[in-house]
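Listed here are the chains, written in short residue letters.
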Amino acid sequence: MNGIDVSHWQGQMDWAKAKSAGIGFAFFKLTDGVAFADSQAANNVAGCKANGIPFGEYHWLQPTMGALAQADYFLSRFSSDATWLCLDVEQSAAITKAQYAEKVRAWLERVEQVSGKIPVVYTSKSKWDALV
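Below is a short write-up of the structure. (Residues numbered from 1 in each chain as written. Predicted model: local features only at pLDDT ≥ 70, side-chain atom pairs only at ≥ 80, totals over all residues. Heavy atoms only, no water.)

As a further point, take the overall build of the chain. Secondary structure assignment for the chain yields five helices and six strands. Mapped in sequence order, the helices and strands of the chain form the string β-α-β-β-α-β-α-β-α-β-α. Over its C-alpha trace the chain gives a radius of gyration of 15 Å, about what one expects of a compact globule, namely 14 Å for 132 residues. For the chain, the C-alpha atoms occupy an extent of roughly 45 × 30 × 25 Å along the three principal directions. Per-residue burial for the chain yields a buried fraction of 41% across its 132 residues. (Helix = DSSP H or I, 4+ residues; strand = E, 2+ residues; numbered from the N terminus. Rg over C-alpha atoms; globule rule 2.2 N^0.38 Å. Buried < 20%, exposed > 50% of the residue type's maximum accessible area, 1.4 Å probe, protein only.)

Turning next to the environment of V104. Looking at the element boundaries, V104 is found in helix 4 (residues 97-115). When the C-alpha atoms of V104 and S92 are compared, they prove to be 13 Å apart, with twelve residues separating the residues in sequence. Discounting chain neighbours no more than four positions away, the residues touching V104 are L61, L87, V89, V121, W128 and V132. (Contact = heavy atoms within 4.5 Å.)

Right, let's get into the pairing of strand 5 (residues 84-88). Counting buried positions over the five residues of strand 5 gives four, a clear majority of the element. Bridge count for strand 4 (residues 55-60) against strand 5 is five bridges, and the pairing is parallel. The partner of G56 across the bridge, within strand 5, is W84. Once the chain exits strand 4 it traverses helix 3 (residues 67-75) before rejoining the sheet at strand 5, and the crossover so formed is right-handed. One ladder, built from three bridges, connects strand 5 with strand 6 (residues 120-122); its direction is parallel. Bridged to C86 within strand 6 is V120. Handedness of the strand 5-helix 4-strand 6 crossover: right-handed. (Pairing = 2+ DSSP bridges. Right-handed = clockwise from strand over helix to strand, strands pointing away.)

In this fold, D88 is placed in strand 5. The residues contacting D88, other than those within four sequence positions of it, are Y58, H59, W60, L61 and Y122.

All right, on to the pattern of salt bridges then. Under the defined criterion, the tally for this structure stands at six salt bridges. Across the salt bridge formed by K125 and D129, the nearest N and O atoms sit 2.6 Å from each other. Of the two residues, K125 and D129 both sit in helix 5 (residues 125-131), four residues apart, roughly one turn of that helix. Given a relative accessible area of 39%, D129 falls into the partly exposed group. A network of salt bridges, in which partner residues are shared, links E102, R105 and E109. (Salt bridge = Lys/Arg side-chain N within 4 Å of Asp/Glu carboxyl O.)

Here you go:
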């Protein structure tokens, strides 16, 4: 099954066209840090729901900001219809691996505690190995 990752950079998606092209699931950016909300998130939720495409919403972790504040910001915006809640781990920072790992753990625990869903980490193996 093919899936896609989208954000405001792709503009407004044609989810019916995506489904007819074989897209079976999607991940899309919801938040970043403590103040950025993706402008296409609501359209992506509506489009996926209307076309029966399971979706995950992700938060782009800013490692220099507080993990709990970021989790709370994400939780204030996520859709209860999301199949997956995700933490996107990509951003480098001048913090130790242990500090980065603690931020990841704190975010994941808060999101699970509040949402009742077990969030997943969305990253590549090379980024994970380098950062956490």
